[in-house]
Amino acid sequence: MNSPPRLDALLRPRVPSPLREVHDERFARHGVRLLLKRDDLIHPDLPGNKWRKLALNLEAAAGRTVLTFGGAYSNHLRATAAAGRLLGFPTVGVVRGDELAHRPLNPSLARCAADGMRLHFVDRTTYRAKASSEVLEGLLSLFGEAEVIPEGGSNALAAQGCTALGRELAGACEVAAVACGTGGTLAGLAAGLSPGQRALGVPVLRGGFLGPAVERLQREAFGGPSGNWSLDERFAFGGYARSTPELEAFAADFEDRHGLPVERVYVAKLLFALTALAAEGAFTPGARVSAVITGTPDAPPRQDSSVSR
């Protein structure tokens, strides 16, 4: 399914995104070729899977207020706020953690606010129940009619939008790998790949819930299972947005080797996982492994406006 023409014309995303092979002896010594699918270059404000997941959802919203959810460092909230600024529709971000309401905004949330997003902080118990009719009705009563998009943007429309990623990789690799937060990108990527290709998901948070989430998303988007996919849950490094000295050293070294700024929450864990898997012999000699680069390192918040929280 293609992106909506209206959004394409206004935002001019760079699709298909570039696919570039890099030489890395940690892969080459095992006969594996590493390719980088540069989805981070799709759009400066809606990079990577954020564009692919949001495009059809924004078309469905048709200019109405978009209400969505995320944590304090959510890339999805930032992308939604940026889309609202660029396309001229209101946005509301429901943020996990009411203790944040009276603290200075971190750079991620400050960027959302500068882009016009109204931030609404809720306690963690309420946030866990965010999909319940009681919580949703309360939010809509507070903010008015709105298009509700789930946390991470992952719903049936998002999965359908991400099938284009798989189609762009048709015939280009044997394994297409992506870091996973809520599962929407993996669900669509696997569905878009050709027979004989497989998708590999690397969860960036703990919990073991992503398998059922991907299965559910594929049922909702495609009517049932689609494509060959699997998860390797060993590389969360303690949980979402958490890191270790080992991961930080790896990311800095990868940047030095290949001149690629490595986003730490998702991309660093993906590249670390693929390097470890290559060393374990998980890929057959001669295999081409494509790593989907879904985002860029954080940038400073915008300073050109201030918006009420």
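See the structure printed just above.
Residues numbered from 1 in each chain as written. Predicted model: local features only at pLDDT ≥ 70, side-chain atom pairs only at ≥ 80, totals over all residues. Heavy atoms only, no water.

*Asks:* Sorry if this is basic, but what is going on with the side chain of Asn57 here?
*Replies:* Of note, Asn57 is situated in helix H3 (residues 49–61). With relative accessibility at 1%, the residue Asn57 sits in the buried group. Of note is the side chain of Asn57, whose polar atom sits 3.0 Å from the backbone oxygen of Lys53. (Helix = DSSP H or I, 4+ residues; strand = E, 2+ residues; numbered from the N terminus. Buried < 20%, exposed > 50% of the residue type's maximum accessible area, 1.4 Å probe, protein only. Polar contact = N/O pair within 3.5 Å; in protein donor to acceptor, adjacent residues only side chain to side chain.)

*Asks:* Would you mind showing me how to read the pattern of salt bridges here?
*Replies:* Side chains that carry opposite charge are capable of pairing whenever their charged atoms lie near each other. Throughout the structure, instances matching the rule amount to 23 salt bridges. For Glu174, the salt bridge identified is with Arg288, shortest N-O distance 2.6 Å. Here Glu174 is found in the loop between helix H8 (156–168) and strand S7 (175–180), whereas its partner Arg288 is found in strand S10 (residues 288–292), with 114 residues between them in sequence. Residue Asp232 pairs with Arg234 through a salt bridge whose shortest N-O separation is 2.9 Å. On the basis of relative accessibility, which here comes to 48%, the residue Arg234 falls in the partly exposed class. (Salt bridge = Lys/Arg side-chain N within 4 Å of Asp/Glu carboxyl O.)

*Asks:* For this particular structure, what's the right way to read the nonpolar core?
*Replies:* Among soluble globular proteins, nonpolar side chains are generally buried collectively. Residues Leu36, Leu271, Leu274, Phe283 and Ala291 are the most contacted members of the largest nonpolar core, which totals 35 residues. Listing elements by their share of this core, those giving two or more residues are strand S2 (33–37), S7, strand S8 (198–203), helix H11 (245–258), helix H12 (267–280) and S10. The greatest single-element share of this core, amounting to nine residues, is contributed by H12. Filtering out sequence-adjacent residues up to four positions away, Ala291 remains in contact with Leu34, Leu35, Leu36, Lys37, Ala177, Leu270, Leu271 and Leu274. Formed by 20 residues, the second largest nonpolar core is a distinct cluster that contains Ala159, Leu186, Ala187 and Leu189. (Core = buried A, V, L, I, M, F, W, Y, C linked by side-chain atoms within 4.5 Å. Contact = heavy atoms within 4.5 Å.)

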